[in-house]
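Residue strings, one per chain:
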Amino acid sequence: MAEVLLYHHIQGLTDGVRAFADGLRQAGHTVHTPDLFEGRTFGSIEKGFGFARDTGFDAIRERGAAAAAELGPELVYAGFSFGVTIAQRLAQTRPGARGALLMHSCIPVAEFGEAWPEGVPVQIHGKEGDEFFDEDLPAARELAGSAASAELFVYPGDQHLFADSSLDAYDPEASALLMERVRAFLASV
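As the structure is a prediction and not an experimental result, all values here were calculated from the model.

Rules behind the numbers
- Every chain begins its residue count from 1, and numbering advances along the sequence as written.
- Residue-level local features of this predicted model are given only where pLDDT is at least 70; pairs of side-chain atoms are given and counted only at 80 or more, and the full residue set underlies all totals for whole chains, interfaces and linings.
- With hydrogens and water set aside, each side-chain value is computed from the structure's full complement of heavy atoms.
- By convention in these notes, a salt bridge is any Lys or Arg side-chain nitrogen within 4 Å of a carboxyl oxygen on Asp or Glu.
- The cut-offs for exposure are 20% and 50% of the maximum accessible area for each residue type, with area from a 1.4 Å probe on protein chains only; residues under the lower value are buried, those over the upper are exposed, and the others partly exposed.
- Helix numbering and strand numbering both begin at the N terminus, where a helix is a DSSP run of H or I of at least 4 residues and a strand a DSSP run of E of at least 2.
- In this text, buried Ala, Val, Leu, Ile, Met, Phe, Trp, Tyr and Cys residues form a nonpolar core when linked through side-chain atoms within 4.5 Å.
- Any two residues having at least one pair of non-hydrogen atoms within 4.5 Å are treated as being in contact.
- If DSSP finds at least two bridges between two strands, the strands pair.
- Classification remark: right-handed applies to a crossover when, strands pointing away from the viewer, the course from the first strand over the helix to the second runs clockwise.
- Between N-to-C directions, angles cover 0 to 180 degrees, with each direction set by a line fitted to C-alpha atoms, over the stretch in contact for helices.
- Under this definition, polar contacts are N or O atom pairs within 3.5 Å; protein pairs additionally need one hydrogen-donor-capable and one acceptor-capable atom, and for neighbouring residues in sequence, both atoms have to be side-chain atoms.

### Observations concerning the pattern of salt bridges
This structure, assessed with the given rule, holds seven salt bridges. Taking the shortest distance from any N to any O, the salt bridge between Glu38 and Arg40 comes out at 3.9 Å. Of the residues examined, Glu38 reaches a relative accessible area of 54% and is grouped as exposed. A salt bridge links Glu38 to Arg63; the nearest nitrogen and oxygen atoms lie 3.8 Å apart. On the criterion of sequence distance, the pair formed by Glu38 in the loop between strand E2 (30–32) and helix H2 (45–55) and Arg63 in helix H3 (residues 57–69) is long-range, its members being 25 residues apart. Within the structure, one salt-bridge network assembled from shared partners comprises Glu38, Arg40 and Arg63.

### Brief notes about the nonpolar core
The biggest cluster of nonpolar side chains holds 36 residues, and the ones touching the most others in it are Tyr77, Trp116 and Leu143. Elements represented by at least two residues in this core include exactly strand E1 (3–7), H2, H3, helix H4 (82–93), strand E4 (99–103), strand E5 (122–127) and helix H5 (131–146). The residues contacting Trp116, other than those within four sequence positions of it, are Gln88, Ala91, Gln92, Ala100, Val109, Val122, Leu143 and Ala147. Ala21, Leu24, Leu101 and Leu178 belong to the second largest nonpolar core, which has 24 residues in total.

### Quick word on the pairing of E4
The buried fraction of E4 is high, at five of five residues. On E4, burial covers both faces: Gly99, Leu101 and Met103 on one face and Ala100 and Leu102 on the other are all buried. Across five bridges, strand E3 (residues 76–80) lies against E4 in parallel orientation. Bridge pairing in E4 places Ala78 opposite Leu101. With H4 bridging E3 and its parallel neighbour E4, the resulting β-α-β unit is right-handed.

### What about the sheet that holds strand E6 (residues 150–155)?
In spatial order, the strands read E2-E1-E3-E4-E5-E6; together these six strands make up an open sheet with parallel pairing. Single-partner strands in this sheet number two, and they are E2 and E6. Here the strands of the sheet are splayed against their neighbours by 15° on average, with no regard to which way each runs. In the packing of H3 onto the sheet, the strands contacted are E1 and E3, and the crossing angle to E1 comes to about 165°. Along the sheet, H5 contacts E4, E5 and E6; its crossing angle with E6, the most-contacted strand, is approximately 150°.

### What to know about the side chain of His8
With respect to the secondary-structure elements, His8 resides in the loop between E1 and helix H1 (15–26). In this structure His8 comes out as buried when scored by relative accessible area, which is 0%. Within polar-contact distance, the side chain of His8 engages the backbone nitrogen of Leu36 at 3.0 Å. In this structure, His8 is in contact with Leu13, Val17, Pro34, Asp35, Leu36, Phe37, Phe80, Phe82 and Gly83, ignoring residues within four places of it in sequence.

### Some words on unusual backbone geometry
Backbone geometry places Ser81, a non-glycine residue, at a positive phi of 50°. The residue Ser81 is located in the loop between E3 and H4 in this model. In this model, His104 sits at a positive phi of 80°, which is unusual for a non-glycine residue.

This is the structure we're talking about:
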């Protein structure tokens, strides 16, 4: 079974993120969910973004890196949206990464290195009409086309945080399919 470090999205460590982690735990995986916002959750992306801006994006990302430093190196790094900025960086730069799960976002690989690390499988998930993921889709397609162990899954619809069951954007069907694919991925790493 895999050990996963799962970073929450810009609205915080919501009940939906916790439920997603629990779904992975039920499949036998160890899942760590650091709370980068220190107990705060937000009812909108805008309010969460405002908090992150005021706190400092780099300070929050460093909290995420510190959480990884407390664990062993052989982790699957996973993130929802804003959490992808931390998960992807660590998957590309921290030795021993076993994989990456990038949900609702993808950063250009060049932000963290010259190429995706060989032997580190990655899955990318997002909705085709999501205004935020649409901005990241070129980077996601480039990553999926450049790494042998990369998969890109694009779902119909326009909800951004569709895998978070505690938000209005939740899409039960797409979320179930995402969970099925993530579990298969984790079973293979």
